[in-house]
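One-letter residues, chain by chain:
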2 protein chains.
Amino acid sequence: MDRRIAALRRVLFLKDLPDDALRVVAAAGVERRCERGDILLREGEVGPGLLVVLAGAVKLCKWDARGRELILGVERAGASVGELPLFDGGNCPYSAEVAEDGTLLFSVSGERFRALMAAHPAIAAGAVRALAVQNRRLLEMLKAQALHTVRSRLAAYLLAHARQHGNAFPLPESNAAIGSHVGTVREVVSRTLHALCDAGAIRLRGRHVTVCDPALLARIAARDEGA
Amino acid sequence: MDRRIAALRRVLFLKDLPDDALRVVAAAGVERRCERGDILLREGEVGPGLLVVLAGAVKLCKWDARGRELILGVERAGASVGELPLFDGGNCPYSAEVAEDGTLLFSVSGERFRALMAAHPAIAAGAVRALAVQNRRLLEMLKAQALHTVRSRLAAYLLAHARQHGNAFPLPESNAAIGSHVGTVREVVSRTLHALCDAGAIRLRGRHVTVCDPALLARIAARDEGA
DNA sequence: CACCCTCGATGACTTTGGTCACGTCGCGCG
DNA sequence: CGCGCGACGTGACCAAAGTCATCGAGGGTG
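All residue numbers refer to position in the chain's written sequence, counted from 1. Chain letters start at A and ligand numbers start at 1, both assigned in the order the entries are written. Local features in this predicted model are restricted to residues of pLDDT 70 or higher, and side-chain atom pairs are both shown and tallied only at a pLDDT of 80 or more, whereas totals for entire chains, interfaces and linings draw on every residue.

**Points about the overall build of chain A**
Inclusion rule: Helix and strand definitions follow DSSP, with helices as H or I runs of at least four residues and strands as E runs of at least two, each counted in order from the N terminus. Around each residue's C-beta, the other C-beta atoms within 10 Å are counted; 20 or more make the residue buried, 12 or fewer make it exposed, and counts in between make it partly exposed. All C-beta atoms are placed from the backbone.
Along the backbone of chain A there are 9 helices and 11 strands. When its C-alpha atoms are laid out on the principal axes, chain A stretches across 55 × 35 × 30 Å. By residue count, 41% of the 227 residues in chain A fall in the buried class.

This is how it looks when you write it as structure tokens:
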């Protein structure tokens with residue numbers, strides 16, 4: 001129960017709720033343990049209500065007709081999943097798949113959540129901020145997809161990771177997964193990593209990356225031309 | 001003044017305001033006439049407050065380092081422009097440029113708008129819906145950019161236009177502008193239009209398009225393979 | 001009318017990225 | 001140990017799309 005409340009307090013559109021209201025939410029839902037590969041949402045279907053990740057990870061993605069995958073994000077403890085239907089009543093705009101064994105979810109039905117939202121205007125205020133942030137993220141991704149090369153997007157991916165984990169780190173995912181993130185396929189990730197290496201922006205030893213020229217990497221990520 | 005109120009009533013996050021509040025907003029801002037090419041927002045700068053289009057058209061876009069343009073949307077009478085900064089306090093996520101001579105805008109300062117939002121919870125509720133809708137649009141655009149070909153995106157563009165204007169229409173923009181919409185350049189638009197023609201999905205006479213096989217066009221827009 | 005300017009079409013070429021096919025390595029397991 | 005499986009790397013190839021250069025058709029203007 002405490003874990004639930006702690007997680008809810010990290011959800012952008014719930015964190016401003018008073019304690020007692022949070023406790024009501026925490027009591028209104030159920031927990032659920034899932035295994036890697038479980039499908040939580042399927043694009044186009046009606047939403048299952050509010051889903052909050054208590055532990056583990058959930059991958060949000062879209063698939064094209066031939067099975068190629070685009071990862072929109074990976075949500076971990078304290079994030080909500082697929083909340084859009086709660087706010088506008090539409091269907092799920094993307095699919096969600098459990099990414100780690102033993103992932104723990106907390107879920108509240110759509111009706112209950114809507115009642116709660118009616119009772120607490122703070123939720124709407126928080127939702128506005130949360131949606132605005134998501135909007136910005138999507139705009140950046142869209143720009144990158146439409147106007148940047150794979151090379152540039154991969155550089156941005158590495159930079160983002162370096163910002164969190166320092167300039168030396170092992171690649172956190174398989175090449176195939178990285179490909180889904182940056183919008184390409186596994187072979188091209190492999191090649192492009194080596195190209196960044198040749199360009200002198202990073203060093204590679206096996207799966208271990210060292211960003212040796214962050215400025216160069218940033219330049220590759222931002223614009224596209226020279227070097 | 002009446003025109004202002006009529007326009008405000010069409011803005012997704014203001015339409016639910018009571019009459020008197022709307023009248024306060026209408027009185028709180030100023031009008032402004034602009035010419036084609038005027039820049040209203042510049043990506044990364046601080047927002048100018050609430051902007052509502054009263055007449056004419058405004059283009060929302062991003063530019064890459066080499067000047068290539070990605071059009072995110074075109075807003076006409078009754079739409080607001082660049083409202084994201086109002087909701088999360090950040091900077092403009094994209095640029096906005098006046099697309100027609102004699103475009104008429106109504107603007108309210110950010111402070112005034114924020115005060116209004118604090119006084120009227122209906123605004124937040126409406127904003128949630130408006131942002132959710134935008135979110136969905138962006139997700140679709142992102143999917144199309146990442147997973148669809150130019151051919152497919154152009155087919156979708158034509159279909160969308162056909163849905164509004166019937167199966168026969170003149171192309172509404174220059175090839176360059178269409179290119180910015182679907183994420184490519186003028187030459188490729190030209191070629192791909194002719195390719196769709198060869199495939200039998202549309203007929204072309206000059207700039208006049210007739211969708212002669214909507215089902216085929218839809219298939220091209222949705223998946224990508226055969227035909 | 002002559003001049004420019006914009007826009008569209010189109011051919012030739014290059015680059016980028018996706019696809020296919022294979023070989024390798026590491027690892028878990030029967 | 002030997003086998004299969006999954007992940008990586010890589011070369012060869014191909015397709016999609018961007019670039020460059022050129023031409024021609026309006027359309028407005030001095």
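Anyway, onward from the coordinates.
**Remarks on the interface of chain B and chain A**
Put simply, the rule is: Here, residue contact means that the backbone-derived C-beta atoms of the two residues sit within 7 Å. Residues are sorted three ways: Asp, Glu, Lys and Arg are charged, Ala, Val, Leu, Ile, Met, Phe, Trp, Tyr, Cys and Pro are nonpolar, and all the rest, Gly among them, are polar.
Each partner contributes to the interface: chain B provides 36 residues, whereas chain A provides 36 residues. Looking at the side of chain B that touches chain A, the elements with two or more residues in it are helix H3 (84-88) and helix H5 (121-147) of chain B. If one sorts the elements of the side of chain B that touches chain A by residue count, H5(B) sits on top with 20 residues. Here the residues of the side of chain B that touches chain A sort into 20 nonpolar, 5 polar and 11 charged.

**Points about the protein's contact with DNA strand D**
Put simply, the test is: By definition, a residue lies near a molecule or strand when the C-beta atom built from its backbone is within 6 Å of it.
If you check the shell around DNA strand D, you find 15 residues, and the closest are Ser174(A), Asn175(A), Ser190(A), Thr149(B) and Thr184(B). Put simply, the parts of the chain that give the surface near DNA strand D at least two residues each are helix H7 (175-182) and helix H8 (186-198) of chain A together with helix H6 (150-165) and helix H8 (186-198) of chain B. Of the residues forming the surface near DNA strand D, the biggest block, 5 residues, is contributed by H8(A).

**Observations concerning the relation of the copies chain B and chain A**
Operational definition: Overlaid copies result from least-squares superposition on C-alpha atoms, with residues included only where pLDDT is at least 70 in both.
For these two chains of identical sequence, chain B goes onto chain A by a turn of 180° and a shift of 0.1 Å along the axis, with RMSD 0.1 Å. These values place the two chain copies in the arrangement generated by a two-fold rotation axis. The residues that chain B uses at the interface reappear at the interface of chain A in 100% of cases, marking a shared surface.

**Things to note about the protein's contact with DNA strand C**
Lining the immediate surroundings of DNA strand C are 15 residues, of which Thr149(A), Val150(A), Thr184(A), Ser174(B) and Ser190(B) lie closest. When contributions to the surface near DNA strand C are tallied by element, the ones reaching two or more residues are helix H6 (150-165) and H8 of chain A together with helix H7 (175-182) and H8 of chain B. For the surface near DNA strand C, the leading source of residues is H8(B), giving 5 residues. Looking at the surface near DNA strand C residue by residue, the classes come out as 4 nonpolar, 6 polar and 5 charged.

**What to know about the sheet that holds strand S1 (residues 30-34) of chain A**
Within a sheet, adjacent strands bond to each other through the backbone by hydrogen bonds, running parallel or antiparallel. Residues and elements named next belong to chain A. Here is the rule we go by: Whether two strands pair comes down to DSSP finding at least two bridges between them.
If you walk across this open sheet you meet the 4 strands as S1-S8-S3-S6, and the pairing is antiparallel. At either margin of the open sheet sits one strand with a lone partner, and together these are S1 and strand S6 (80-81). In terms of strand pairing, strand S3 (residues 50-55) meets strand S8 (residues 103-108) through 5 bridges, oriented antiparallel. When the sheet's bridge partners are listed, Val53 is paired in S8 with Leu105.

**Thoughts on the pairing of strand S4 (residues 57-63) of chain A**
Residues and elements named next belong to chain A. Counting buried positions along S4 yields 5 of 7 residues, so the element is predominantly enclosed. As paired elements, S4 and strand S5 (residues 69-76) share 7 bridges and run antiparallel to each other. Note on S5: the bridge partner recorded for Lys59 is Val74. Hairpin remark: S4 followed by S5, antiparallel, with 5 residues in the connecting loop; positive phi at Gly67, about 90°. Bridging between S4 and strand S7 (residues 95-98) involves 4 bridges; their strand directions are antiparallel. From the neighbouring strand, Val58 faces S7, where its bridge partner is Val98.

**Observations regarding the packing of helix H5 (residues 121-147) of chain A against H5(B)**
Here is the rule we go by: Each axis is a line fitted through C-alpha atoms, and for a helix only the stretch in contact is used; angles between axes span 0 to 180 degrees, taken between their N-to-C directions. Each angle is binned into one of four classes, with values under 35 degrees roughly parallel, values over 145 roughly antiparallel, values of 65 to 115 roughly perpendicular, and all other values oblique. Left-handed describes a crossing whose near helix is turned anticlockwise from the far helix through less than a right angle; right-handed describes the clockwise counterpart.
Taken N-terminus to C-terminus, the directions of H5(A) and H5(B) make an angle of 20°; their axes are 8 Å apart at the nearest point. Overall, the two elements H5(A) and H5(B) adopt an arrangement that is roughly parallel. The handedness of the crossing between H5(A) and H5(B) comes out as left-handed. A class-by-class count of the residues in the contact of H5(A) with H5(B) yields 24 nonpolar, 6 polar and no charged.

**Describing the domain arrangement of chain A**
All names here are of chain A. Inclusion rule: The domain limits used here are those given by an automatic or database domain assignment.
Considered domain by domain, chain A is made up of domain 1 (2-145) and domain 2 (149-222). Relative placement of domain 1 and domain 2: their C-alpha centres are 28 Å apart. At the level of secondary structure, the elements contributing two or more residues to the side of domain 1 that touches domain 2 comprise S5 and H5. Among the elements that make up the side of domain 1 that touches domain 2, the one with the highest residue count is S5 (3 residues).

**Some words on the sheet that holds strand S11 (residues 208-211) of chain B**
Residues and elements named next belong to chain B. The strand order across the open sheet built from 3 strands is S9-S11-S10, with neighbouring strands paired in antiparallel fashion. Looking at which strands have only one partner, the edges of the open sheet turn out to be strand S9 (168-170) and strand S10 (202-205). With strand direction ignored, the average angle separating the axes of adjacent strands in the sheet is 20°. Docked against the sheet, H6 engages S9, S10 and S11, running at close to 85° with respect to S11.

**Some remarks on the nonpolar core**
Cut-off, in case you're wondering: Only buried residues count toward a nonpolar core: Ala, Val, Leu, Ile, Met, Phe, Trp, Tyr and Cys, linked into one set through C-beta atoms within 7 Å.
By size, the foremost hydrophobic cluster in this structure holds 128 residues, and its most contacted members are Val128(A) and Val128(B). Ignoring sequence-local partners within four residues, the contact set of Val128(A) consists of Phe87(B), Ala124(B), Ala127(B), Val128(B) and Leu131(B).

**Concerning the environment of Arg137(A)**
Here Arg137(A) lies in helix H5. Placed 65 residues apart in sequence, Arg137(A) and Leu72(A) show a C-alpha to C-alpha distance of 9.6 Å.

**Brief notes about helix H2 (residues 19-28) of chain B**
All names here are of chain B. Under the convention used in this document: Note that the arc is defined by the directions from the helix axis to the C-beta atoms.
Taken residue by residue, H2 has Leu22, Val25 and Ala26 as its buried positions. Projection of H2 onto a plane perpendicular to its axis shows the buried side chains occupying an angular sector of 100°, all on one side. More than 90 degrees from the buried face of H2, the exposed residues found are Asp20 and Ala27.

**A few points about the packing of H6(B) against H7(B)**
Residue and element names in this part refer to chain B. Look at H6 against H7: their axes get within 10 Å of each other, and the N-to-C directions meet at 105°. With respect to each other, H6 and H7 are oriented roughly perpendicular. Across from Val150, Arg153, Leu154 and Tyr157 in H6, the residues of H7 making contact are Ile178, His181 and Val182. Taken together, the residues of the contact of H6 with H7 sort by class into 5 nonpolar, 1 polar and 1 charged.

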